[in-house]
Amino acid sequence: MTSIADLPTPALLVDLDRLERNIARMAAAFAGAGVGLRPHTKTSKCLEVVRRQLDAGALGMTCSTPAEVAWLQAAGVTDLLWAHAPVGPPKVAFVIDAVRRGGLTVALDSEEAAAPLSAAASAAGVTVPFVLEINTGHARLGVDPERVPQVAARLAARPGLRLRGLLTHEGHLATQPDRPTLEAAGRTAGELMARLAAGLRADGHAMEVVSVGSTPGATSTPFAAGVTEGRPGTYVYFDANQMRLGSCTIDDCALTVLARVVSVQRAGRPIIDAGIKAMSSDTIAAAGSVGLVDRPGVAFVDANEEHGFLADAGDRPLAVGDLVRIIPNHACGTTNMWSHLYAVRGDRVVERWEISARY
């Protein structure tokens, strides 16, 4: 083992003690409620993390991209949900091949998206399992609740497709004004999904999967009676955004960027060697900072591609060569900026882990 002080900077670090605790806590909460846990792999894109989640009881993984599906199938993970619309000839062809390999369910929300997939599946002699995506308030993808019966019937009738259940991403929870309101909105989303599933069962549809998914909602939405699984992702690392939402404390945040001060030419404004290419620019405007610095009185106020601008009002001003660790605003966006990370315990480096399936 080596010290983090010996690493080239910037470097992406994951605290193993916090990572393992986060995985264990979420697994225990879901197992105790009898709800399946299907973590979103986009947060880590790291096989060592995925293996730990599966070993802790996750029933499978959620994917965002074809690259994530292909990577996990090659690694032998056989129960995957691709929570994105497979629109366009390359994605349709990919789904057919991935279904042949086994263990893939896709998400659909319209006849326009379903028709090419149905035609390709019929021509190939395969059946593509799918879940119907529902809008429970986020208004991204998803059928509005009042249209669910008719859309479900039309998609389920298409050859080459098999309706397994329903899916939602309750992303609107992140816009709620406080934690009690967020929790109530999460329960409402879960209850809506359960009611819709019950109605479709009464219409003769198999509803083996009722899937909800977000880290802010992981303490509420999955535990509505009738929900079968949850798909939180960010919980494995947590981040500054989840702290602001009340999903975690700073002691739960496992992912940090290690950076070094490279210039102090202007008093109170140290420059570090980590900019938006180390942190990602995701949600910087909303957060009011590029990330949370581990020094009292120090804020990460702005960034260029390779330079970070700090505001230092601390008791001991930072000097050239000093190290800082920064909790990113959004762990998922930050992960995608990196090809590898270092697993650490305290200040000691344990292993280097590869990050896969990046854009």
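As the structure is a computational prediction, the values presented were derived from the model and not from experiment.

**Quick word on the nonpolar core**
And then number 1: Core analysis: the biggest nonpolar cluster contains 46 residues, and Val106, Leu108, Leu117, Val128, Leu132 and Leu166 have the highest contact counts within it.
And then number 2: Of the residues forming this core, the biggest block, six residues, is contributed by helix α4 (residues 89–101).
And then number 3: Those residues in contact with Val128, other than ones at most four positions away along the chain, are Val95, Ile96, Val99, Val106, Leu117, Ala121, Gly160, Leu161 and Arg162.

**A look at the layout of surface pockets**
And then number 1: In this structure, the largest pocket spans a volume of roughly 1,000 Å³.
And then number 2: Lys42, Arg140, His169, Thr234 and His330 are the residues nearest the centre of the largest pocket, which is lined by 41 residues in total.
And then number 3: Contributions of two or more residues to the lining of the largest pocket are made by α8 (240–245), α10 (284–287) and α11 (331–335).
And then number 4: Looking at which element gives the most residues to the lining of the largest pocket, the answer is α8, with four residues.
And then number 5: Partitioned by chemical class, the residues of the lining of the largest pocket number 13 nonpolar, 19 polar and nine charged.
And then number 6: Lining the second largest pocket are 15 residues, with Arg25, Met26, Thr219, Phe238 and Ser247 sitting closest to its centre.
And then number 7: It is helix α1 (residues 16–33) that provides the largest number of residues to the lining of the second largest pocket, a total of four residues.

**Here we look at unusual backbone geometry**
And then number 1: A cis amide bond links Thr9 to the next residue, Pro10, at an omega of 0 degrees.
And then number 2: Inspection of the secondary structure puts Pro10 in the loop between β1 (2–3) and β2 (11–15).
And then number 3: Backbone geometry at Lys45 places phi at a positive 45 degrees, although glycine is not the residue there.
And then number 4: Notably, Ala139 is not glycine yet its phi reads approximately 60 degrees, a positive angle.
And then number 5: Here Ala139 shows up in the loop between β7 (128–133) and α6 (148–156).
And then number 6: Residue class for Ala139 comes out exposed when judged on its relative accessible area of 57%.

Conventions used here
- Residues numbered from 1 in each chain as written.
- Predicted model: local features only at pLDDT ≥ 70, side-chain atom pairs only at ≥ 80, totals over all residues.
- Heavy atoms only, no water.
- Core = buried A, V, L, I, M, F, W, Y, C linked by side-chain atoms within 4.5 Å.
- Buried < 20%, exposed > 50% of the residue type's maximum accessible area, 1.4 Å probe, protein only.
- Helix = DSSP H or I, 4+ residues; strand = E, 2+ residues; numbered from the N terminus.
- Contact = heavy atoms within 4.5 Å.
- 1 Å grid on protein atoms, 1.4 Å probe; cavity = no way out; pocket = protein on both sides within 12 Å on 5 of 7 lines; lining within 4 Å.
- Points joined across faces, edges and corners; volume = space filled by probe spheres on them.
- Nonpolar A, V, L, I, M, F, W, Y, C, P; charged D, E, K, R; others polar.

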